[in-house]
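So you can see what is in the structure, the chains are spelled out below.
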Amino acid sequence: MTYKVKINGKEYTLPARTLAVDEQMLAVSELGRRCSSGEISYSESVKRQHAFVNGLAPGAFPSLEETDINELTIAVMNIAAVYTNPSVNAMMNERLELVQRALNSSNAKNGKSDQSAT
């Protein structure tokens, strides 16, 4: 599967979603909680987000001192979305098919066709 993300107007091809990538995403997703609990500082949280993005999309951001934190946060969220969207979409499509089959079955039992009269 190919994963592409747009960061600061430039498109990057991300590596495959491997166990190592999932572990990185899990670690990044826990940064807010760890920062809130005082386990790590806000500065450390931002440094780890920066390393996460530049590790998966090398060169996406300049040095941490020059990086806009909002753009960095958006990039982290976009990367997570790019990696999780295919599985989320597949699950949603599967559920929609189940609902559609149930509706079709119900309509067939009630003697209704798939098309309603206007």
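Bear in mind that the values here come from a model prediction, so they are computed numbers and not experimental data.

Quick notes on the rules
Residues numbered from 1 in each chain as written. Predicted model: local features only at pLDDT ≥ 70, side-chain atom pairs only at ≥ 80, totals over all residues. Heavy atoms only, no water. Helix = DSSP H or I, 4+ residues; strand = E, 2+ residues; numbered from the N terminus. Polar contact = N/O pair within 3.5 Å; in protein donor to acceptor, adjacent residues only side chain to side chain. Salt bridge = Lys/Arg side-chain N within 4 Å of Asp/Glu carboxyl O. Buried < 20%, exposed > 50% of the residue type's maximum accessible area, 1.4 Å probe, protein only. 1 Å grid on protein atoms, 1.4 Å probe; cavity = no way out; pocket = protein on both sides within 12 Å on 5 of 7 lines; lining within 4 Å. Points joined across faces, edges and corners; volume = space filled by probe spheres on them. Nonpolar A, V, L, I, M, F, W, Y, C, P; charged D, E, K, R; others polar.

Caption draft 1: Geometry of the environment of T84. With respect to the helices and strands, T84 occurs in helix α4 (residues 69-109). A polar contact of 2.8 Å, which involves the side chain of T84, links it to the backbone oxygen of A80.

Caption draft 2: Quick look at the environment of S41. Mapped onto the secondary structure, S41 falls in the loop between α2 (31-36) and α3 (42-56). Through-space distance from the C-alpha of S41 to that of L31 is 9.5 Å; in sequence the pair is 10 residues apart. Engagement of the side chain of S41 in a polar contact is seen with the backbone nitrogen of E44, the distance being 3.0 Å.

Caption draft 3: Summary view of the pattern of salt bridges. Summed over the entire model, instances satisfying the criterion amount to four salt bridges. A salt bridge links R33 to E39; its shortest N-O distance comes to 4.0 Å. Residue class for E39 comes out partly exposed when judged on its relative accessible area of 48%. A salt bridge links R48 to E44; the shortest N-O distance between them is 2.8 Å. Remark: E44 and R48 occur in helix α3; sequence separation between them is four residues, near one turn of the helix. Under the relative-accessibility criterion, E44 is labelled partly exposed at 27%.

Caption draft 4: Layout of the layout of surface pockets. The computed volume of the largest pocket comes to approximately 180 Å³. M25, V28, S29, Q49, F52, T73, V76, M77 and A80 are the residues that line the largest pocket. Residue assignment for the lining of the largest pocket shows that the elements contributing at least two residues are α1 (19-29), α3 and α4. If you tally residues by element for the lining of the largest pocket, the top one is α4, at four residues. Per-class residue counts for the lining of the largest pocket are six nonpolar, three polar and no charged.

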